[in-house]
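An overview of the molecular structure
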Amino acid sequence: MSTIEYLIHGFGTAFIWYNLLFAFVGVLIGTAVGVLPGIGPMSGVALLIPVTASITGGLPPETAATSAIILLAGVYYGAMYGGSTTSILLNTPGESSSVVTTLDGYQMAKKGRAGSALSIAAIGSFVGGIVTLIALIALAEPLSNVALKFGPAEYFSLMLLGLAAVSGLAGKSVTKALIMTVCGLLLGTIGIDSVSGIARFTFNIPWLYQGIEFLTIAVGLFALGEVFKTILEKEEEEGGIAKINNMIPSKEEMKESAGPIARGSILGFFVGILPGAGATLASFFSYLLEKRISKNPSKFGTGTIAGVAAPETANNAASGGAMIPLLTLGIPGSGTTAILMGALMMYNVQPGPLLFEDHPQVAWGLIASMFIGNLMLLILNLPLVKVFAKIIETPKKYLIPLIIAISIFGVYAVQVSTNDLLLLLGCGVLGYFLSKNDYPIAPLVLGLVLGPMIENNMRRALTISNGDYTIFFTRPISLAFLIVTVLWLVIPVLLKAKGRKVVINVEG
Amino acid sequence: MSIKFDRVAAVLFLAVGILFIVGSKQLASSSYGSKVGPDIFPFFLGIILAVLSIRLFYETFSVKGHGSKKEKLQYKPFLIIFAATFLYILTLETIGYVITTFLFLFVCFQTMERTKWISSLIISAAFSGLVYFLFVEILKGTLPGWPVWFS
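In this report, the structure presented in the accompanying data block is examined. Small disclaimer: the values here were computed from a predicted structure and weren't measured. (Residues numbered from 1 in each chain as written. Chains lettered and ligands numbered in written order. Predicted model: local features only at pLDDT ≥ 70, side-chain atom pairs only at ≥ 80, totals over all residues. Heavy atoms only, no water.)

As a further point, take the packing of aromatic side chains. Geometrically, a pair of aromatic rings is defined through the distance of the ring centres and the angle of the planes. Taken as a whole and assessed by the stated rule, the structure comprises 25 aromatic pairs over all chains. An aromatic cluster is defined as three or more aromatic residues linked by ring pairs; in this entry it consists of Y6, F356 and W364 of chain A. One Lys or Arg, R7 of chain B, reaches over the ring of F61 of chain B and ends 4.4 Å from the middle of that ring. Here the guanidinium or amino end of K25 of chain B rests over the ring plane of F43 of chain B, the centre of that ring lying 4.5 Å away. (Phe/Tyr/Trp six-rings, centres within 6.5 Å; stacked < 30°, edge-to-face > 60°. Lys NZ or Arg CZ within 6 Å of the ring centre and 35° of its normal.)

Below you can see the structure in the form of structure tokens.
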């Protein structure tokens, strides 16, 4: 079948009534997650995995996986739309990829142009989302064909590259990021070894035999960690919400933002594909790019429409671009995609080059639903933005305990074990202290998800070579990946030593 | 960003790394049909973690005191909510979901802000009842509903 045929089938899947509903609920919750400061896309997605798992429980496995991933991906890109709302209206970014939007967005709101800033942000997000989707469709097949030729040695090195890329860009200290990665990998080794059947590090506790559940760790570290942070570091909210009056941007504003939107889409897409980069860096870079090529850069920061259009387009484009390595190579490039991958693996759907052959329904259903979801978001965000702005007023008093209750319900519904709940609570406290002290959490979750796959590929490669470790260096593609891995880790250290400022990624 | 935290963490990570090295040496070193056993991967990871934690410890010396500003942390509500969550988890299976969730939410709502207790009451009751009804009655999931001594 050709790509077009697959895509039509995908639309067939995406247009089933409950999948439409799932997409809608996903983008709706995603927008809310984006609007609410304190819950990022990572905790949002992690929190919803168990909830979707229980909702889709009655469907056959593959259909359930499709519906669940449609909803979860909806949360992911929905959050990119929602993040702009608070940046513009409140000067508080709803999530880290919208930090740059505050610079010009809030200034516009102060001048009474909040409406057009919001609508340009929505239009830009929509264009960015659609452009990357088209690129995703075009690249999916060739990329997975390349990846199919990889042997275990290549896969091992490629995954190392993915881990190194995420660790190299996450947080302030590479050492800390690497420690978190290794901890994630080590956590992944607990349980019964899938190759030899030997129990490792279980200390004869039956609960540990099936391994540490990724879901418990992710919900605990991200969602509960953020909740505890909000409780401990109570901030007094100040500043009113800017009024939204005129939603329709003027012709001049449209014209002014066309260029930034086009450039933001392409830049965001490429940054998104890069493992470790992600939406925050994309929005940051596109803002800098616009400022550099602008005729009068002094206008940036005082409320120019280009300063809103570019980053908002880029972060959405990047979130789409990040799906490419996940779906075609099976390697998540960021925290949120790692969580999406964990969700897929819970349904026994292995992302990677075989995904498009083994589970075309999942892959193409997801892609088609992203078209629909982006359209829904455009409609939701243009006329209904005033309703969403109201979400900001949700009192923390109710929100925080409800998030704890939802995490506990979700983990218990999937795991049915009090031990997992205790682990969840422990991870929550740990998550707070780790992220407070600049230990990034995304690499840990990534390590936990990728750990078993890295180990299996390493052992397969070593079995083929009869225990000879040079197999990773003698195969050219594998060697190339390893060289890039080393460079990725070494170059920032060298740059830092020279006193250069290295851009880092705070989000995942 | 306290140096103390980093040092303690470095020591702890070093201990974890060494434990994994020792632990992996006690595993059977080879599996059937393969020279590479289940011990190789955790063994190497343990070494890497130990090396990294030594590096982290070393790095704490090069960081000059940033003049750490003390921010005021709200310990009291945090401890109450933490304790409430802990009790909630421990009693969930014996007392059942509906009652524990209701009590947990009500306590936490009132801890966050001691106003409007009627709406706190309504929201906690609505949430616990609704989740139980949707999950158990409609989705046919398993959840300990009511105290064990009732059923």
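Before going further, it helps to examine helix α14 (residues 335-346) of chain A. Residues and elements named next belong to chain A. Here α14 spans 17 Å end to end across twelve residues, near enough to the 16 Å set by a 1.5 Å rise per residue. Most of α14 sits out of view: ten of its twelve residues are buried. Residues G335, T336, T337, A338, I339, L340, M341, G342, A343 and L344 constitute the buried set of α14. Considering only its buried residues, α14 is in contact with α3 (41-55), α4 (61-90), α9 (214-232), α13 (323-329), α16 (360-381) and α20 (442-464). Positioned one or two residues after α14, N348 has a phi angle of 65°, which is positive. (Helix = DSSP H or I, 4+ residues; strand = E, 2+ residues; numbered from the N terminus. Expected span 1.5 Å × (residues − 1). Buried < 20%, exposed > 50% of the residue type's maximum accessible area, 1.4 Å probe, protein only. Contact = heavy atoms within 4.5 Å.)

With that out of the way, let us pick up the nonpolar core. Within the largest apolar cluster, 186 residues are counted, with the highest numbers of intra-cluster contacts made by F214, M323, I339 and F472 of chain A together with Y97 of chain B. With 15 residues, α4 of chain A is the single largest residue contributor to this core. Core analysis: the second largest hydrophobic core is formed by 16 residues, I120, A121, M247 and I305 of chain A among them. (Core = buried A, V, L, I, M, F, W, Y, C linked by side-chain atoms within 4.5 Å.)

With 19 residues, helix α19 (residues 418-436) of chain A should reach 27 Å at 1.5 Å per residue; the first-to-last C-alpha distance of 27 Å fits that figure. Buried within α19 of chain A are the following residues: T418, D420, L421, L424, L425, C427, G428, G431, Y432 and L434 of chain A. Packing partners of the buried residues in α19 of chain A comprise α8 (174-189), α9 and α18 (396-415) of chain A together with α3 (75-95) of chain B. One side-chain oxygen of the residue at the start of α19 of chain A lies 3.3 Å from the amide nitrogen of N419 of chain A, identifying that residue as S417 of chain A. At the exit of α19 of chain A stands D438 of chain A, carrying a positive phi of roughly 65°. (Polar contact = N/O pair within 3.5 Å; in protein donor to acceptor, adjacent residues only side chain to side chain.)

Across the boundary between the two partners, chain A contributes 58 residues, which contact 66 residues of chain B. Approximately 5,600 Å² of surface area, both sides summed, lies buried where chain A meets chain B, with 78% of it carried by carbon and sulfur atoms. Three residues, L186, L232 and K397 of chain A, lead the burial of chain A against chain B; their summed loss comes to 12% of the area buried on that side. Applying the counting rule to chain A against chain B returns one salt bridge. A salt bridge links D6 of chain B to K176 of chain A, with the nearest nitrogen and oxygen atoms 3.0 Å apart. Counting across the chain A and chain B interface gives nine residue pairs in polar contact (both at pLDDT 80 or more). Among the elements that make up the side of chain A that touches chain B, the one with the highest residue count is α18 of chain A (13 residues). In the side of chain A that touches chain B, the residues fall into 36 nonpolar, ten polar and twelve charged. (Buried area = accessible area lost by both parts, 1.4 Å probe. Salt bridge = Lys/Arg side-chain N within 4 Å of Asp/Glu carboxyl O. Nonpolar A, V, L, I, M, F, W, Y, C, P; charged D, E, K, R; others polar.)

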